[in-house]
Amino acid sequence: MTPPAARVRAGARLVLVLVLALGAIGNLSGCSLSLDTNGAQCARNQDCARFQGAVCDAVTHLCVPGVASKPTPTLANAGDPTVDAGTDGDPARGSDVAAGGAGPEGTASESSRGCRVAAGCAPCAPPPSLELLNGCSDVICVAFDNHVRLSNLGPDGGLTPLP
Amino acid sequence: MSRPQPSSRHTQARAAEGAILTPPCRAGVPTRAAEDLVLVLVLVLGLGLGAVRSASAADCTTARNPVYVAGSTAAKPILAQVAKFLAAQNPPVTIVYSGQGSCAGVDAILNGTPLRGAVATATALSTWDATGAELKCDLAAAPAPATTSGATPGTTSALPTRTVVADIGLSDVFASTCFSLPGGLPSNVQDFLGPVQTMTFVVPKSSPERSISAEAAYYVFGFGATSGASPWTDEAWLLHRDAQSGTERMIATAIGVPPGRWKGTGTTSSTDLLGRLTAPGTGAQTLGILATDVAQSNLGMLNILAYQHFGQTCGYYPDRDATTNEKINVRDGHYAIWGPVHLFTRLGGAGYPANAYAGDVIGYVTGTKVAPAGLDLVALEAQSHVVPPCAMRVRRTEELGPLASFAPPGACGCYYDKVANGSTSCQVCASAHDCPAASPACSYGYCETQ
């Protein structure tokens, strides 16, 4: 007969294995476990009800923060400031064109930050550059650890001036 | 489609080419040594030069309906294919090309710097015939100032001494990356955007390195031996280009090291850099820069590094991984160092390119003019490792400027995936009726968003 202490240890090991397994699954799936990043998430705003404050982007068919979708920049309307994707650093710019009946609810970058998830990627397809650079993806990436490999970074981790 | 006959001058040039092979004779009797020399020459010309036929005496200005193009070498493969089809048109149009570097292409249009080049000095210009064969020709500058844009279509001249100014300046970078243009381009110059070119950091195959950050590149090429970025601290093995290079200027903009302040060893061309990068003795300490068309054509000898831009937490290859060719990370904004190929031209009074034939070339390369039957530019661009605008999902309007989402009309992303990698997950269609609501447009044979 198994001693009680051994049973407790076996149970604890089982719990530990389950926790690790669930954690691994969570890490592997990353953003896609938390948010639907399929090619077409929605056809109308109601399809985005599972994401608080989100609306359906009529062009990309993705659920985006409650900032209205704007006309998509194309070669044909390039140069038209009314269809700029708001990438000039002014977070309020371009958020005044409504789509799907949704009005602006804060600035684009505020909404983007709200959309950011713990894994550090941005699944909501907002326009600012950093969001696109760090958008969710299933491709292979290879991190370069600046803090480990660069000995000349400044005290705050920033770049020092060129000689 | 009729095949044009080569111009008389080109015919003469080929005849002259044969004359080069005439064995040197002494007292009219060829010696054994002379015969050996001839044999060697034949082998060198036949095997070493391949399909490129050097026409040492050909005069570029005698080409039929010439369109003079100067600048980047990166877009030469595409230009060559367009040239082949234009040469087969009726009337035939001849692209006369001088690969001088991106900023030289900008300079040729902005400042009207005359074109010149000669076989004798290894600076000859290129033309292509209707079979796609590349021919070389000479162009000598005359002392008189330029007054016109190229030669009058269909005419010939006896001597290659007239001044010729480029009709199209080809560049991998914006004009403002080469020159200070606080007021923008002159009103009579237009910048047409073509396929997207990507720049990369490369290492020899023997290097264990797989990625680099913008911060690391800043220290390596900005500080050289004192970069503190091991293993890239030996300036003899830090290979870069020169200030005229679009590759260097685009990467300089990305990492924040001005072109004139790069540490390391300068090289004269992508070919020169490639040779040094893959020479014996290179290894972990070696780092270089190349455009993807050159880098991906030599993956047997080098590796492209994943690049981690400022603000990114991971480095990305231009493609899904180091072996594929669909440029997905360029197209969706994960890979940062890219920009459109620029075709600069002067506009005539009506707002169109001053040389109408130049307008055709620009239209084909940028995709705004329906390509001739048989010319599949999307496939050609995939094979050339550049991305047509219709396959992009992001765009930018200045060098390494902010990214914006982009949904091109007449999208070709699915077809580009198919021709670049051999497969796509997109739904095949014959018309929009075959497509689901999520991707309702049938474009290039696949269901796209629009």
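Fair warning: this is a prediction, and the values are worked out from it, not measured in the lab.

**Considerations on the overall build of chain B**
When helices and strands are tallied, chain B shows 13 helices and 18 strands. By the burial criterion, 53% of the 450 residues in chain B qualify as buried. Taking all contacts inside chain B whose residues are at least 6 apart in sequence as the whole, residues at least 24 apart take part in 69%.

**So, the environment of Gly101 of chain B**
All names here are of chain B. With respect to the secondary-structure elements, Gly101 resides in the loop between β2 (94-99) and α4 (102-110). Counting along the chain gives 27 residues from Gly101 to Ala74, while the straight-line C-alpha distance between them is 8.8 Å. Setting aside anything within four residues of it in sequence, one finds Gly101 in contact with Gly71, Ser72, Gln244, Ser245 and Gly246.

**Considerations on the confidence of the model for chain B**
Parts of the model with low pLDDT should not have their predicted coordinates read in detail. All names here are of chain B. The pLDDT averaged across chain B works out to 82; a share of 82% of its residues lies at or above 70. When pLDDT is averaged over each element of chain B, helix α6 (residues 214-223) comes out on top at 98 and helix α1 (residues 8-20) at the bottom at 30. Segment residues 1-56 is flagged for pLDDT under 50; beyond a separation of four residues in sequence, or across chains, it makes 61 contacts in the model. With pLDDT under 50 throughout, residues 142-160 is counted as low confidence; its partners more than four residues away or in other chains account for 39 contacts. Note on the complex model: pTM 0.67, ipTM 0.75.

**Quick look at helix α13 (residues 413-421) of chain B**
All names here are of chain B. For α13, the buried fraction is high: 7 of the 9 residues fall into the buried class. Among the residues making up α13, those that are buried are Gly413, Cys414, Tyr415, Tyr416, Asp417, Lys418 and Ala420. Against α10 (328-331), α12 (377-383) and β18 (446-448) lie the buried residues of α13. Trailing α13 by a residue or two, Gly422 shows a phi angle of about 90°, which is positive.

**A few points about α6 of chain B**
Burial runs high along α6 of chain B: 9 of the 10 residues are buried. Along α6 of chain B, the residues classified as buried are Ala214, Glu215, Ala216, Ala217, Tyr218, Tyr219, Val220, Phe221 and Gly222 of chain B. On its buried side, α6 of chain B packs onto α5 (146-149) of chain A together with β6 (189-204), β7 (211-213), β8 (239-240), α7 (246-255) and β12 (306-308) of chain B. Gly224 of chain B sits one or two positions beyond α6 of chain B and adopts a positive phi of about 65°.

**Side note on unusual backbone geometry**
Residues and elements named next belong to chain B. Here the residue pair Asn90 and Pro91 is connected by a cis peptide bond, since its omega of 5° sits within 30 degrees of zero. Note on placement: Pro91 falls in the loop between α3 (76-87) and β2. Of the consecutive residues Ser230 and Pro231, the connecting peptide bond is found in the cis state with omega at 10°. Although it is not a glycine, Asn65 sits at a positive phi angle of roughly 45°. Among the structural elements, Asn65 can be located in the loop between α2 (32-48) and β1 (66-71).

Reading guide: rules and limits
- Residues numbered from 1 in each chain as written.
- Chains lettered and ligands numbered in written order.
- Predicted model: local features only at pLDDT ≥ 70, side-chain atom pairs only at ≥ 80, totals over all residues.
- Helix = DSSP H or I, 4+ residues; strand = E, 2+ residues; numbered from the N terminus.
- Buried ≥ 20, exposed ≤ 12 C-beta atoms within 10 Å, placed from the backbone.
- Contact = placed C-beta atoms within 7 Å.
- pLDDT = per-residue confidence, 0-100.

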